[in-house]
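These are the residues of each chain, in order.
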Protein chains: 2
Amino acid sequence: MKIEECLNEHNMNQRLLRIRYAVRGPILERALAIQADLEKGVRKPFKRVIRANIGDCHALGQRPITFIRQVLALATCPSLHMLQDIPEDVKERVREILGECVSGSVGSYSPAPGLLLIRKHVAQYLTARDGVSANFNNIYLGSGASDLIKSVLTLFVEKVDGKPPGVMIPIPQYPLFSGTLSELGLQQVDYYLDEDEGWALKYEELERSWRAASEHCSVRALVVINPGNPTGQVLSRDNIEDIIRFAYKHNLFILADEVYQENIISKPFHSFKKVMHEMGDPYKQLQLSSFLTCSKGWSAECGLRAGVCELVSLQPRVLTALEAARSTQQCASVLGQCVVDCVVRPPAPSSPSFPLFSSERDRLRRTLTERALAAHAAFNSIPGYFCNPIEVTSFVLFKLKVQCLHFHELKYRQKQNRRPGLVPDEFYCLRLLEETGVCVVPGSGFGQRPGSYHFRTTILHDREEFSYMLACIRRFHLNFIEEYS
Amino acid sequence: MKIEECLNEHNMNQRLLRIRYAVRGPILERALAIQADLEKGVRKPFKRVIRANIGDCHALGQRPITFIRQVLALATCPSLHMLQDIPEDVKERVREILGECVSGSVGSYSPAPGLLLIRKHVAQYLTARDGVSANFNNIYLGSGASDLIKSVLTLFVEKVDGKPPGVMIPIPQYPLFSGTLSELGLQQVDYYLDEDEGWALKYEELERSWRAASEHCSVRALVVINPGNPTGQVLSRDNIEDIIRFAYKHNLFILADEVYQENIISKPFHSFKKVMHEMGDPYKQLQLSSFLTCSKGWSAECGLRAGVCELVSLQPRVLTALEAARSTQQCASVLGQCVVDCVVRPPAPSSPSFPLFSSERDRLRRTLTERALAAHAAFNSIPGYFCNPIEVTSFVLFKLKVQCLHFHELKYRQKQNRRPGLVPDEFYCLRLLEETGVCVVPGSGFGQRPGSYHFRTTILHDREEFSYMLACIRRFHLNFIEEYS
């Protein structure tokens, strides 16, 4: 006899059923299944799966920074202290950090916002970056930026004047935002970036989006992703000022996802906090949260889960409530916090670790930049592919200017069946995977203007793998348009 | 000119303002402030603060298990491989784990539920523990048990038949539960444990609680904490069977917080899953989630944030939604996952690490057990203190049988003022802190029967520190009752 199930898909939290996270979605699942098939000896038209779905640098062969790994190894096993080939500054760094851990162990809990010493180092780093004083009391360390972004978004879950709360996000966006808004029941308010203008943000589009949303919700916050993910664009200073004026006009809280700031190729990076302060009153009083991560940039330690949030101009009562909510989860991994320390306070030029550190970091930057530029040129030469100049290493978002009959047919079929099924770029990416083993993310996973189609690929692979991937994509694409035109 | 604040305490998420997390609450904050004062040279009637508020073993001087730390050091710095004093089985373990990490780096993301190899090892461990087959697909690794408990509770955020969802929790309880229910907007449905019967759970009390709550909410799930925190009791097998029958009768989902299972002193531990299966149909079909942690037991690696959840008999669609929600946070720390592997697969008796490992683990168990028994005897000898026999190492919950006028007066004053202020046991613990430097958690932070007062202290300190703490508490208490009687 089968008993009645207490929890089922009909009586569970319906918001969770609406979460879509394309970067780890059905296409990745299919890629993993194909990989498992290949390992079992199943024959396919290719020998291996190329994962280009997520900006996971180490997974794609990037070597970790030795300084970070030595600090972690020594912090977990202080008995390694006597080893000769561990530089003095690593030992000194570990002494400092362990001196801050209760009883000198990374195995004891830290305070909920993180170890005080490391929060102070983050504040010093931000002060130097922005030329504006940062207060360590406003710094929170988390399990990656995602963890902190979710905490900050949670603050807005409250009706205002009887209206549900809404949060503006760029389209295309990173699906952490759409997914978290779904989970928290916050209204997603889309504003479109302008692909034809290098993914710039237009003031009128912000106003349009706000006006349309304000009819049914109370818009509380504005998410900006700069440098952009998945667009790979860097906002101009003018654009940032526009956004700040807009936020001031409508009394919005700014969430600035600035996690790719260390990946910019040549443009200058302006943090929202810095620009706000340089604009002076009243703008410098705006409320802001800014997010950093150790999963990107030269550290790229995705698996160690380390992120940082700075909260500017929040009321003490709000911070206390945020801290209470985070306290129920105790604290972020202390080893992750150690990585934050290394990132915001890399070896000083005079220290014994510096020569190796700087050569590792510089080689990385050089390689990633070369790859990005090569990728841009190579992909843009494929007929029907378009991509704005790449300003950030890691990934590229392509527009598929494909006039295939099949794309239109797919759309038509969906309308007839009135069921979601595959949207055209999902269909395209799935066929790319099945025929070549290359796994990329369709633009629909990030959001895009209706009728436009994209895909995002990471470009972190080594030269040989990249050439192979490019050849696969080109061959597939040419066959695809021939088949469907 | 001060601009209007977008986010303030009136328009923020009001649920967050209701979170109380006593273990890291105002008394700890005061303790940290006092400690900072002492460091600055401020004179107090004591020289140091004794933290007995949280079960943070390493913070209280417990030494980490060498095997775990060697695995972590080697996993972060594989170049240490050539070191002679790292045992072969540690090297082999690291080879296996890194073989599972994409491109052999702990710096790459794992799948959202955790590395497959480690989930398989957890399944083998649970199968051996319960004599019931566990499926690795039902195993999730998280940033501590707290992270996973929150995820599972999130599943129940949905009205049923127009009624808000409710979750039954024991009183006293660990405030992770009350805090998370507050944050998620789930109704907290209290059932009282019976202190006079060794904190046993009575079937009639479960029924009373359910009936009372069912008038205004739909009771969906039942939390059990076994071994109990803060009570330190272990449920008898009969008690567990009663609870399972009750859950079956009312179609409830069981959340079994079993994180202290490795800390039991002498009684046998029965997991809910094992008992359900031994009871046979229909009980073995009940839906259940069970939680383990690496922060307790012999590993006690609180700062590394590693926990495990097994989900039993959930629909695939529900699991998929849970996984999507967890995917937006990417994955738990891969180094935390390595700790899980060490805990569920400690060195085999024939391996080179075994002699040191077993001597470290056994010494720990012996010491903690001795301390618990000594603490029980010593505290129970203080007039006005009562505590049931201690069945779990780590902490003790005392009932204050204090007939002080002052306690009554405090209650009276609160009624008059109609404001919360300090409840009597908070007042007691705060004075204990101010006068002796000893920081414990008042029973009101865990919940208690109206009119009864308690405090919980950890008993993880070394012998000398413990004697000092005990003397402080005894002296304070005797003065307190003299002053207020």
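Residues numbered from 1 in each chain as written. Chains lettered and ligands numbered in written order. Predicted model: local features only at pLDDT ≥ 70, side-chain atom pairs only at ≥ 80, totals over all residues. Heavy atoms only, no water.

Chain A has the name alanine transaminase in an unreviewed UniProt entry, where Danaus chrysippus is given as its organism. Taken from UniProt, the Pathway (unreviewed entry) comment for chain A reads in full: "Amino-acid degradation; L-alanine degradation via transaminase pathway; pyruvate from L-alanine: step 1/1." Per UniProt, chain A has the following entry under Sequence similarities (unreviewed entry): "Belongs to the class-I pyridoxal-phosphate-dependent aminotransferase family. Alanine aminotransferase subfamily." (UniProt positions renumbered as here; feature names shortened; annotations may be inferred.)

### Considerations on the overall build of chain A
Looking only at helices and strands, chain A has 16 helices and 13 strands in total. Across its three principal axes, chain A shows a C-alpha extent of roughly 65 × 65 × 60 Å. A total of 485 residues make up chain A; the buried ones form 64% of that total. (Helix = DSSP H or I, 4+ residues; strand = E, 2+ residues; numbered from the N terminus. Buried < 20%, exposed > 50% of the residue type's maximum accessible area, 1.4 Å probe, protein only.)

### A few points about the packing of helix H9 (residues 237–249) of chain B against helix H10 (residues 272–279) of chain B
Packed helices, taken two at a time, are described by their axes: the angle between them and the distance between them. All names here are of chain B. Contact geometry of H9 with H10 gives a least axis separation of 10 Å together with a crossing angle of 75 degrees. Judged by the angle between their axes, H9 and H10 are roughly perpendicular. Here H9 contributes Arg 237, Ile 240, Glu 241, Ile 243, Ile 244 and Arg 245 to the contact with H10, which in turn contributes Phe 272, Lys 274, Val 275, Met 276, Glu 278 and Met 279. Here the contact of H9 with H10 is built from residues that sort into seven nonpolar, no polar and five charged. (Axes fitted to C-alpha atoms, helices over the stretch in contact; angles between N-to-C directions. Parallel < 35°, antiparallel > 145°, perpendicular 65-115°, else oblique. Contact = heavy atoms within 4.5 Å. Nonpolar A, V, L, I, M, F, W, Y, C, P; charged D, E, K, R; others polar.)

### Examining the environment of Thr293(B)
Residue and element names in this part refer to chain B. By the element assignment, Thr 293 lies in strand S7 (residues 288–293). Taking the relative accessible area as the measure of exposure, Thr 293 reaches 14% and is therefore buried. Only 3.0 Å separates the side chain of Thr 293 from the backbone nitrogen of Ser 295, close enough to count as a polar contact. Within the structure, Thr 293 has its side chain in polar contact with the backbone oxygen of Ala 306 (distance 3.5 Å). (Polar contact = N/O pair within 3.5 Å; in protein donor to acceptor, adjacent residues only side chain to side chain.)

### Concerning the interface of chain A and chain B
Each partner contributes to the interface: chain A provides 96 residues, whereas chain B provides 96 residues. Of the roughly 8200 Å² buried where chain A meets chain B, counting both sides, 55% is carbon and sulfur surface. When the buried surface of chain A facing chain B is broken down by residue, Leu7(A), Arg24(A) and Tyr109(A) rank first, second and third, together holding 9% of it. Along the contact surface separating chain A from chain B lie two salt bridges. A salt bridge links Arg317(A) to Glu9(B); its shortest N-O distance comes to 3.9 Å. Seen at the junction of chain A and chain B, the total is 46 residue pairs in polar contact (both at pLDDT 80 or more). Contributing elements (two or more residues each) for the side of chain A that touches chain B: helix H1 (14–17), helix H3 (66–76), helix H6 (144–154), helix H7 (175–184), helix H11 (316–327) and helix H12 (334–344) of chain A. In the side of chain A that touches chain B, the residues fall into 47 nonpolar, 31 polar and 18 charged. (Buried area = accessible area lost by both parts, 1.4 Å probe. Salt bridge = Lys/Arg side-chain N within 4 Å of Asp/Glu carboxyl O.)

### Description of the environment of Arg449(A)
Residues and elements named next belong to chain A. Looking at the element boundaries, Arg 449 is found in the loop between strand S12 (441–442) and strand S13 (454–458). On the accessibility criterion, Arg 449 (42% relative accessible area) is partly exposed. Along the backbone, Arg 449 and Leu 193 are 256 residues apart, and their C-alpha atoms lie at a distance of 9.1 Å.

### Re the relation of the copies chain A and chain B
The transformation that overlays chain A on chain B combines an axial shift of 0.0 Å with a rotation of 180 degrees, and the residual RMSD is 0.0 Å. Each copy turns onto its partner about a two-fold axis. Residues of chain A ranked by C-alpha distance from the rotation axis are headed by Ala73(A), positioned 2.0 Å from it. Taken as a fraction of all interface residues of chain A, those also at the interface in chain B reach 100%, which identifies the copy contact as same-surface. (Least-squares fit on C-alpha atoms with pLDDT ≥ 70 in both.)

### Points about unusual backbone geometry
Residue Pro172(A) is reached from Ile171(A) by a cis peptide bond, and omega for that bond is 5 degrees. Note on placement: Pro172(A) falls in the loop between strand S3 (165–171) and H7. Following Asn226(A), the chain continues to Pro227(A) via a peptide bond in cis, the omega torsion being -5 degrees. Along the chain, the position of Pro227(A) falls in the loop between strand S5 (218–225) and helix H9 (237–249). In this structure, Asn251(A) is a non-glycine residue whose phi angle is positive, near 55 degrees. When you line up the elements, Asn251(A) lands in the loop between H9 and strand S6 (253–257). Phi is positive for Gln330(B), close to 70 degrees, though the residue is something other than glycine. Its location among the elements puts Gln330(B) in the loop between helix H11 (316–327) and helix H12 (334–344).

### Examining the side chain of Asp89(B)
Residues and elements named next belong to chain B. As for its position among the elements, Asp 89 is in helix H4 (residues 88–100). Lacking a salt bridge, the buried Asp 89 has Arg 93 as its closest oppositely charged neighbour, with an N-O distance of 6.6 Å. Side-chain polar atoms of Asp 89 contact the side chain of Ser 353, separated by 2.7 Å. Contacts of Asp 89, omitting those with residues within four sequence positions, involve Phe 67, Pro 347, Ser 351, Pro 352 and Ser 353. (Lys, Arg positive; Asp, Glu negative; His and termini not counted.)

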